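# Structural overview
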Amino acid sequence: MLTKFETKSNRVKGLSFHAKRPWILASLHSGVIQLWDYRMGTLIDRFDEHDGPVRGVHFHMSQPLFVSGGDDYKIKVWNYKLHRCLFTLLGHLDYIRTVQFHHEHPWIVSASDDQTIRIWNWQSRTCISVLTGHNHYVMCASFHPKEDLVVSASLDQTVRVWDIGSLRKKTVSPADDILRLSQMNTDLFGGVDSVVKYVLEGHDRGVNWAAFHRTLPLIVSGADDRQVKLWRMNETKAWEVDTLRGHMNNVSCVMFHAKQDIIVSNSEDKSIRVWDVTKRTGLQTFRREHDRFWILAAHPEMNLLAAGHDSGMIVFKLERERPAFAVSGDSLFYTKDRFLRYYDFSTQREVQVIPIRRPGSTTLNQSPRTLSYSPTENAVLICSDVDGGSYELYVIPKDSIGRGDSLQEAKRGLGSSAIFVARNRFAVLDKGNNQVLIKNLKNEVVKKSGLPVPTDAIFYAGTGNLLCRSEDRVVIFDLQQRIVLGDLQTPFVKYIVWSNDMESVALLSKHAIIITNKKLVHQCTLHETIRVKSGGWDDNGVFIYTTLNHIKYCLPNGDSGIIRTLDVPIYITKVSGNTLFCLDRDGKNRTIVIDATEYIFKLSLLRKRYDHVMGMIRNSKLCGEAMIAYLQQKGFPEVALHFVKDEKTRFNLALESGNIQIAVASAKEIDDKDHWYRLGVEALRQGNAGIVEYAYQRTKNFERLSFLYLITGNLEKLSKMLKIAEVKNDVMGQFHNALYLGDIQERVKILENSGHLPLAYITAAVHGLQDVAERLAAELGDDVPPLPEGKEPSLLMPSAPILCGGDWPLLRVMKGIFEGGLDSDIGRGAVDDEEGVEGDWGEDLDAVDVDGLQNGDITAMLEDGEVAEENEEEGGWDLEDLELPPEADTPKVSGNARSSVFVAPTLGMPVNQIWIQRSSLAAEHAAAGNFDTAMRLLNRQLGIRNFAPLKSMFLDLNTGSHSYLRAFASAPVVSLAVERGWNESASPNVRRPPALVFNSSQLDEKVNAGYKATTAGKFTEALRLFLNILHTIPLIVVESRREVDEVKELIIIAKEYVLGLQMELRRKEMKDNPVRQQELAAYFTHCNLRTPHLRLALQNAMSVCVRAKNVATAANFARRLLETNPTNENQAKTARQVLQAAERNMTDASQLNYDFRNPFVVCGATHVPIYRGQKDVSCPYCTTRFVPSQEGQLCTICDLAVVGADASGLLCSPSQIR
């Protein structure tokens, strides 16, 4: 059983499939009717008008109707499109068990516990016949699919067949009055137009179900005696043929399968059983653990069944319908009707090749599952589930293609998967031992190979390679070298499809498609809600696949879309151009012509083949919201612009692509305040002052307009704005404009006119307008406000703008590939011809006269006398008044919009981003300011985890690689990248790496300073210097390989000195532990120091040991000191004296953890010797060795890296990467 869909609900008593749509109705014991989409697995609707359980439900074959019958004695007819019950049929006197529409006439048959069967006309909404004769509950009644018969089953232990032929005649010509009279008596006595044809007796208990065969004169019934009986009938009689025994409880429902010679029954014993009609034996049993089965339903056209049980229902198939096939070049081999068949794609000719054996087994699902073909040997491997998984090998004689009659004995074997892996070798999966057996064409095992993962199926993956599938991953395994070539975690993979060049593979699971390359490196994943069925690669590298109801495509970047819908599922065998070759579920070859325009267009965009894109835009009918959204999403709004006629969408796309001209044209068409405002914002961003002004004028946005004139320094227009504000009696507007203009008299006048005399007086007095101040003081009398004393007034004047007048200068850029080429022949280019929009927008300013504040309005305001004398000059937005600067100063916006569409240049990449892209050197990332990637690189290369000591260096690198220029007073500081090795002859477009503040010469100076401090005995200062060297080296960049080696040597030198100096400083702190003092002094002599420093260390250790009476150890130091040929005579003399004393008394007073004969290194943290052969761990950066217990701790020498961490090594030169 292949379960396709399952629900959890109350007990399901009735089921019905829709004939065309993937829907199923389930009526529940709770009184609810559910409508499910079994393909999507979603509940579409629920209907709950019945009171009590609903036992019967049925879809109409063609109308949007279904009928239901319940324990409330009601039959209801529903329209699922209107989501409501249309009407109710009343007449039954007890529970209604089943209801069914007639396939042809407007009839419904219903069976009821009132011992009657009724036939209703749902168009006239009347009962047209009552079938009486049963003397117990009638459990079911149904029409014959072709003849005028009804079969019913009852608890009176009989099955009855009724002839309703006369009912059909009556429906055709109901002219006879006698028939009409008899209609009145029908309700009382039962009609004369439906008569019992046969009564089938044989069951010992009540019969629960009876059903007709679709074509043969057979009836099947199931009863409470746990038996399924098969009956045959002819014109005159009916008789029992056989009894099928096996159910352990009441049989609740039974039916013939539509496409196979089988009977399906279910029972209260919690099982569904499948029986062979011809052999009359049980084929298979499916059991549930806790749920009794009540009802079965079969799809009228597809190979689907449904069963209702105590806690829901299942939709299932008994057998797979996918034909097994294999494609090789232009040939397709597939199985159909017990034959291996061959199909030629080029000639579209198909022939039978050889018969293949049909298993004599008694279970379902034994048909071939997979097929593998070897073209050189002309051999075919067919795998099926027979005997738990087995294969058959056929070698096809060359001449037999086309004859199809040569019967040959196949070579067989057990194995759940078998595929050809070479010309004459095939691999068979032995699941039990998780191995593959490689066999030759004689079916002999040549080799065995264990598999790297628990495998349940194998697929072809190129010659000598297998693709092994386990539950949650796939692996490509090389059988020769026995190594894994690729490994990927995936959902459970059902099928795989290789591209024609074997470079890409699509892994198909139930609801996902994963596309990878031949090494299983993941490229993209697609998720589908509907089950994925098959797929094939086209010649362009696009994957075409089918779901249950669509043909779809998947581009290499993971974008997908629908090509067309399907009525029935198909299995793609090959994609050639725009032709799809496929097999359907009946094993028939079909060709489907698809429209590839959409995905080829997207593919061309993806591959930046813009010439193809141009051609397709010109020649095809690509359009629609989805395509526009796609272009917008992928960053091609300018292309989308050429598909769009809707002005609002055009406006949005034009703004997005920076195409101001099209935006202006669309804004004019839309003429909406919000759009003008957005146009103004975008024009301001581009520095197109003319269009900003125009947009503000269209929306009467006087405040913004005044501010625009202020920042562009257009004082002439600013004074016009002042007058307009005066005409509109906008006092605040007047005052603002006067303030912007720095016009003191005007401000005083405005304050005086609006009644603010004290403010007017102060303004006049402060600015030295004595006459006006005196006049105002006289008006104010005693209320003259006092001026603040001891304060210097300053003149409040607007600052002069940096750039006066016109638009910002714009870069000259090449037209976009999609611009001029498209404008000439697609739709409306940018701005309509009659509106040749000029750069200074001279004429268009008159457009404001059309609505809102018009010339006439202002004139009317002026006519009241006060400003009438200015009427000739001031007329609102007059053309002469609001003249923009001459055309010579202002670059034209668009002389001819069609021929010179301007494309705003794309933003260049910042220099620091270029540095990061090209470099794997941490120092260059830090210089670019990208500290997090610098830290990640250092962690990966050197295992560094403590970045605190490097913080100041990161900041120095970043600051040192940039220079800062002050621009205008009101503009921000400009940051400039300083590049390494720049000279005047360098190309301006080639970016060099950043200049770095740390270099190797500085390190040499620090090393020398460290040596001097060590010689002078300034150990703390020397330790600081050598540590600083270790902290600087990760951020050094050198040019040559020789310098890289020098830097690495420097790490070793600094590490040795840091270790030695740390031990010496620690020794000096230990006053009360003479043994430990001697040990540390001794270890210091084993650090790799320069000879002068080694002599000092040896002399120091010798002195410490002599004082502690460890004469023998001191003699060893004296001997080593003399071996260095000391130049200082005092050192040599002392050493010789110690040796003479030791010869007299070669003993040690105390035992030290020090054996100079056994080579050792000193642990950087615990300062104990690690002798040769003992386990140790090291710092990945400074290489200091540590005892194993220090693993995972911070290195005590460099204070940067983690001891024992994985690291790739120091990367400090571009030469290491090349």
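Sequence positions are assigned chain by chain, starting from 1 and proceeding in written order. With pLDDT at 70 or above as the cut-off, local features in this predicted model cover only qualifying residues; side-chain atom pairs require 80 or more to be listed or tallied, and sums for whole chains, interfaces and linings still use all residues. Only hydrogens and water are set aside; all other atoms, that is, all heavy atoms of the structure, feed into the side-chain values.

Per an unreviewed UniProt entry, the protein is named Coatomer subunit alpha, and its organism is Herrania umbratica. UniProt positions are given in the numbering used here, feature names are shortened, and annotations may be inferred rather than shown by experiment. According to the UniProt record, the Subunit (unreviewed entry) comment for the protein is "Oligomeric complex that consists of at least the alpha, beta, beta', gamma, delta, epsilon and zeta subunits."

### Focus on the packing of helix α25 (residues 1041–1069) against helix α26 (residues 1074–1084)
To characterise two packed helices, one gives the angle between the axes of the helices and the distance between these axes. The N-to-C vectors of α25 and α26 enclose an angle of 160°; their axes lie 9 Å apart at closest approach. By the criterion of interaxial angle, the relationship of α25 to α26 is roughly antiparallel. Once α25 is placed against α26, the crossing between them reads as left-handed. Mapping the contact onto sequence places G1060, L1061, M1063, E1064, R1066 and R1067 in α25 and R1076, Q1077, L1080, A1081, Y1083 and F1084 in α26. Axis definition: a line fitted to C-alpha atoms, limited for helices to the stretch in contact. Angles are taken between N-to-C directions and run from 0 to 180 degrees. Secondary structure elements follow DSSP: runs of H or I no shorter than four residues count as helices, runs of E no shorter than two count as strands, and numbering proceeds from the N terminus. Roughly parallel covers angles under 35 degrees, roughly antiparallel covers those over 145, roughly perpendicular covers 65 to 115, and oblique covers all other angles. In a left-handed crossing the near helix is turned counterclockwise from the far helix by less than a right angle, and in a right-handed crossing that turn is clockwise. Contact criterion: two residues are considered in contact whenever any of their non-hydrogen atoms come within 4.5 Å of each other.

### Here's the deal with the confidence of the model for the protein
The predictor's confidence in any single residue is recorded as pLDDT, a number from 0 to 100. On average, residues of the protein score 83 in pLDDT, and 87% of them reach the 70 mark or higher. Confidence drops under a pLDDT of 50 for residues 173–179, and excluding neighbours within four residues, the segment shows 2 contacts in the predicted structure. When the criterion is pLDDT under 50, residues 823–900 qualifies, and its contacts beyond four places in sequence or with other chains add up to 118 contacts.

### Focus on the nonpolar core
By convention a nonpolar core is built from buried Ala, Val, Leu, Ile, Met, Phe, Trp, Tyr and Cys residues, the set being connected through side-chain atoms within 4.5 Å. Burial classification: accessible surface area is computed with a 1.4 Å probe over protein chains only, and a residue below 20% of its type maximum counts as buried, one above 50% as exposed, and the rest as partly exposed. Counting residues in hydrophobic clusters, the biggest one holds 89 residues, and the most contacted among them are L938, L1030, I1033, Y1181, C1182 and C1198. If we ignore the near neighbours within four places in the chain, the residues touching I1033 are L1003, V1047, L1050, I1051, Y1181 and L1210. Listed in part, the 59 residues of the second largest apolar core include F17, V159, W231 and A306.

### Focus on the pattern of salt bridges
Whenever Lys or Arg places a side-chain nitrogen within 4 Å of a carboxyl oxygen from Asp or Glu, that contact is recorded as a salt bridge. Evaluated as defined, the whole model comprises 44 salt bridges. For R1024, the salt bridge goes to E1021, with nearest N and O atoms at 2.9 Å. On the criterion of helical spacing, the pair formed by R1024 and E1021 is a turn pair, its members being 3 residues apart in helix α24 (residues 1019–1032). Look at R1024 and you get partly exposed, because its relative accessible area is 48%. Given the relative accessible area of 34%, E1021 is considered partly exposed. We note a salt bridge from E1129 to R1136, for which the minimum N-O separation is 3.0 Å. By relative accessible area, which is 38% here, R1136 ends up partly exposed. Each of the salt bridges in this network shares a partner with another, and the network as a whole consists of E6, K8, R288 and D291.

### What to know about the sheet that holds strand β25 (residues 281–287)
Taken together, the 4 strands give an open sheet; going across it, the order is β22-β23-β24-β25, and neighbouring strands pair in antiparallel fashion. Each edge of the open sheet carries a strand with a single partner, namely β22 (251–256) and β25. Going from strand to strand, the sheet's axes swing by 20° on average, the running direction of each strand aside. Two strands pair when backbone bridges link them, and strand β23 (residues 262–267) and strand β24 (residues 271–276) are joined in this way by 5 bridges, in the antiparallel orientation. Counterpart to I262 in the pairing with β24 is D276. Whether two strands pair depends on DSSP finding at least two bridges between them.

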